[in-house]
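One letter stands for each residue in the lines below.
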Amino acid sequence: MPLIYVDLIEGRTQSEVARLLDAIHDAVVEAFGVPPRDRYQVVRTHPAAEIVALDTGLGIDRTPRLVIVHVVSRRRERAMKEQFFKVLASNLDVRCGIDPADLIVSITENGDEDWSFGHGRAQFLTGELT
């Protein structure tokens, strides 16, 4: 946990997607301190016309290699989030050749009562997870 949704413009190979997901997961492990097997990722691909990602007036040029990452997570400290943004951008640049300008990240926080990892139980509440 966290649950990571990744939206991409279609056209990447399975190998490219796998490298991208590994780079994202490594950033989650490093910045949030989660265990390596705490990995939940969903990739959605879209035709280019289905993603509109302007720059909010920041002068950022985007390419078809755009990666949008939505993180659903328990609450994290501001410093952890800032570290995640930094490590993620670096990982994607170095390991996947994705320009940091082509990365958009959003984090949605929730509480322990909002998670069930299986068997119809809220494992953070039952004490199975901490």
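In what follows, the structure referred to is the one given above.
Okay, so let's go over this structure.

Quick notes on the rules
Residues numbered from 1 in each chain as written. Predicted model: local features only at pLDDT ≥ 70, side-chain atom pairs only at ≥ 80, totals over all residues. Heavy atoms only, no water. Pairing = 2+ DSSP bridges. Helix = DSSP H or I, 4+ residues; strand = E, 2+ residues; numbered from the N terminus. Right-handed = clockwise from strand over helix to strand, strands pointing away. 1 Å grid on protein atoms, 1.4 Å probe; cavity = no way out; pocket = protein on both sides within 12 Å on 5 of 7 lines; lining within 4 Å. Points joined across faces, edges and corners; volume = space filled by probe spheres on them. Nonpolar A, V, L, I, M, F, W, Y, C, P; charged D, E, K, R; others polar. Salt bridge = Lys/Arg side-chain N within 4 Å of Asp/Glu carboxyl O.

### With respect to the pairing of strand 2 (residues 40-46)
Right, on to step 1. In this structure, strand 1 (residues 3-9) lies alongside strand 2, joined through seven bridges in parallel fashion. Across the sheet, the residue bridging to Leu 8 is Thr 45, located in strand 2.
Right, on to step 2. Remark: the strand 1/helix 1 (residues 14-32)/strand 2 crossover connection has right-handed handedness.

### Quick look at empty space enclosed by the protein
Right, on to step 1. Taken as a whole and judged by the stated rule, the model has one cavity of 30 Å³ or more.
Right, on to step 2. Of the volumes computed, that of the largest cavity is approximately 30 Å³.
Right, on to step 3. Pro 2, Ile 4, His 25, Val 28, Asp 38, Arg 39, Tyr 40 and Gln 41 are the residues that line the largest cavity.
Right, on to step 4. Those elements giving two or more residues to the lining of the largest cavity turn out to be helix 1 and strand 2.
Right, on to step 5. Residue composition of the lining of the largest cavity, by class: four nonpolar, two polar and two charged.

### Some points on the pattern of salt bridges
Right, on to step 1. Applying the stated criterion across every chain, the model contains seven salt bridges.
Right, on to step 2. The partner of Asp 26 in a salt bridge is Arg 95, and the shortest N-O contact between them spans 2.8 Å. Placement of the pair is Asp 26 in helix 1 and Arg 95 in helix 2 (residues 78-96), with a sequence separation of 69 residues.

Take it as geometry only, folks, not as evidence of what the structure does.
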